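# Coordinates in review
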Amino acid sequence: MKETSAFIDTAEKIQEDFEEREEHLDKVESIFEKLKSDVATFKKNLTHTQFSTYPNVNYFTDVIHHYNTYSGSADRIADLQTEIDNSNTNKSTLETKLKNKKKELIELEDDLEKLEDGKKLDPPKTKKELEEEIEELEKEIEDMEKSIKSSGETVTDNKEKIKEEEKDSKTFKEQAENKASEMHTLATRIISNLEDISSRIQKAKDLNEDIQNTIDEANADASNDYGNAEDIAEGPPDGASSVDNLEEAIRENSAKLEEYPYDSAFFNSIKEPIDKAITRMKDVPGLFEAIETDIDLSSKSALQQIKKDALAALNPSIEDIDSGSGTLEDDRKEFKETDEAVTDQQEQQARIVIIKQKIC
């Protein structure tokens, strides 16, 4: 026959398992909070429609939206460089022509001066003819100088545009690859947290089964101990009206232990949807793996497919996460500490009765 009451023995036996189970459930609640935050961030990156200004990337949708602008940068730079080359060629040609025109202008001005000094020209020309030629030549020179200046400005402007294109291209590439890396990290962390939740819920379920088995075994023995004590005891111990009262008090406390185990469906309702989410999400990090190191390997259509595939896995997984966390939030029990003083007193009284039985 046992020398301690069923209630105290059972409480002591399940205490460690109970505390460990509750620690796992506490941790799962904390993980769910972080998980939901990561999932919300991940989804916003895939659905945000207020696009940034190129080359900046705030969300993954910016990478998709601006990708064609980025990929067209090389062609734009090539076009600008072609304009530079053409402008330089044109400028060089005009400068040669300008040099000759200025030389021609000097000769005409010399002829006009000779004519004004009374000298004859060969071939002969009038003053009016010379003045008209000079005026027309000055206009040609002015136009050439404007064209040369314009060509120079085109070269300068295009060089600045090329620098901006190269700078913007570099910025977009860095930010796009960083965003892809962020998405890869987020997806990996989401899966890790899902797996952690599943593992902890399984451990909590196993501990819960141990608690239930311990209580079931104790209940099978409890009535025999106190039934025999009632048959043999000469009278109730001090502070108790009868062994019946003692047994009833212990039974009431023992009944409280029956509330400690959960039905296994509680754990299944959390773990099963989480395991489904793990299966759906397991390939999502790989969607971003290649582009996080070289965005040039992708295309707008490929990025759109990544978004589509990621959302196809994410959206039903969000429902599963909400289902699992909802079960934990709605169905988790709250436990109050037992009145240890009363319990100890009842235990001491039970010990006296059982000892008397043993002596007899």
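All values reported here derive from a predicted model rather than from experimental measurement.

Thresholds applied
- Residues numbered from 1 in each chain as written.
- Predicted model: local features only at pLDDT ≥ 70, side-chain atom pairs only at ≥ 80, totals over all residues.
- Heavy atoms only, no water.
- Helix = DSSP H or I, 4+ residues; strand = E, 2+ residues; numbered from the N terminus.
- Buried < 20%, exposed > 50% of the residue type's maximum accessible area, 1.4 Å probe, protein only.
- Contact = heavy atoms within 4.5 Å.
- Areas by Shrake-Rupley, 256 points an atom, 1.4 Å probe, with all protein chains shown as cover.
- Phe/Tyr/Trp six-rings, centres within 6.5 Å; stacked < 30°, edge-to-face > 60°.
- pLDDT = per-residue confidence, 0-100.
- Axes fitted to C-alpha atoms, helices over the stretch in contact; angles between N-to-C directions.
- Parallel < 35°, antiparallel > 145°, perpendicular 65-115°, else oblique.
- Left-handed = near helix turned anticlockwise from the far one by under 90°.
- Nonpolar A, V, L, I, M, F, W, Y, C, P; charged D, E, K, R; others polar.
- Core = buried A, V, L, I, M, F, W, Y, C linked by side-chain atoms within 4.5 Å.
- Salt bridge = Lys/Arg side-chain N within 4 Å of Asp/Glu carboxyl O.
- Expected span 1.5 Å × (residues − 1).

## Digging into the overall build of the protein chain
In terms of helices and strands, the protein chain carries nine helices and zero strands. Written out in order from the N terminus, the α and β elements of the protein chain read α-α-α-α-α-α-α-α-α. Per-residue burial over the protein chain gives 39% buried out of 360 residues. Long-range contacts, defined as pairs at least 24 residues apart, comprise 85% of the intrachain contacts of the protein chain with a sequence gap of at least 6. Within the structure as shown, the protein chain displays about 20700 Å² of accessible surface, and the carbon and sulfur contribution to it stands at 45%.

## Details of the packing of aromatic side chains
On inspection of all chains with the given rule, the structure shows 11 aromatic pairs. Here the aromatic rings of F42 and F288 are separated by 5.9 Å at their centres, their planes lie at 80°, and the arrangement is edge-to-face. With F42 in helix α1 (residues 6-47) and F288 in helix α7 (residues 284-289), this residue pair connects regions lying 246 residues apart in the sequence. Across this residue pair, the class does not change: F42 and F288 are buried.

## Let's talk about the confidence of the model for the protein chain
Do not read the fine detail of predicted coordinates wherever pLDDT is low. Taken residue by residue, the protein chain gives an average pLDDT of 87. The fraction at 70 or more is 82%. Taken together, the stretch residues 232-236 has pLDDT below 50 and engages in nine contacts with residues farther than four places along the chain or on a different chain. Note that pLDDT drops below 50 for residues 352-360; the model gives that stretch 19 contacts with residues more than four away or on any other chain.

## Some points on the packing of helix α2 (residues 60-71) against helix α8 (residues 300-331)
Close contact between α2 and α8 brings their axes to 9 Å; oriented N to C, the two are set at 160°. One way to sum up the angle between α2 and α8 is to call them roughly antiparallel. Here α2 and α8 pass one another in a crossing that is left-handed. Two secondary-structure elements touch here, α2 through F60, T61, V63, I64, H65, Y67 and N68 and α8 through K300, L303, Q304, I306 and K307. Partitioned by chemical class, the residues of the contact of α2 with α8 number six nonpolar, four polar and two charged.

## Overview of the nonpolar core
Core analysis: the largest hydrophobic core is formed by 48 residues, its most contacted members being F32, F42, L46, F60, L194, F288 and L303. For this core, the secondary structure elements donating two or more residues are α1, α2, α4 (127-232), α6 (264-281), α7 and α8. Looking at which element gives the most residues to this core, the answer is α4, with 12 residues. Residues within four places of F42 in sequence aside, it is in contact with M183, L186, A187, I190, V284, F288, A310 and L314. Counting residues in hydrophobic clusters, the runner-up holds 12 residues, among them L108, L112, L130 and I148.

## Brief notes about the packing of α2 against helix α3 (residues 73-116)
Contact pair α2 / α3: the axes reach a minimum separation of 4 Å and the direction vectors enclose 30°. The angle between the axes of α2 and α3 places the two elements in the roughly parallel class. In this structure, α2 contributes T69, Y70 and S71 to the contact, and α3 contributes S73, A74 and R76. Of the residues contributing to the contact of α2 with α3, the split by class is two nonpolar, three polar and one charged.

## Considering unusual backbone geometry
The general pattern is negative phi for most residues beyond glycine and trans for most peptide bonds. Cis geometry marks the peptide bond from Y54 to P55, where omega comes out at 15°. Within the secondary structure, P55 sits in the loop between α1 and α2. P123 follows D122 through a cis peptide bond whose omega is 0°. By the secondary structure assignment, P123 is in the loop between α3 and α4.

## A look at the pattern of salt bridges
Taken as a whole, this structure holds 21 salt bridges when the rule is applied. Across the pair E140 and K101 runs a salt bridge, and its minimum N-O distance is 3.0 Å. One end of the pair, E140, is in helix α4; the other, K101, is in helix α3, and 39 residues separate them in sequence. With a shortest N-O distance of 2.8 Å, E177 and K173 are connected by a salt bridge. On the criterion of helical spacing, the pair formed by E177 and K173 is a turn pair, its members being four residues apart in helix α4.

## Here we look at α3
Counted at 1.5 Å a residue, the expected span for α3 with its 44 residues is 64 Å, and the 62 Å between its end C-alpha atoms agrees. Turning to α3, its buried residues number three or more, namely S73, L80, I84, S87, L94, L98, L105, L108 and L112. One or two residues past the end of α3 sits G118, with phi positive at roughly 90°.

## Side note on the environment of I291
Within the fold, I291 resides in the loop between α7 and α8. Separated by 111 residues in sequence, I291 and A180 place their C-alpha atoms 6.3 Å apart. When near neighbours in sequence (up to four residues on either side) are disregarded, I291 contacts F60, E177, A180, S298, L303 and I306.

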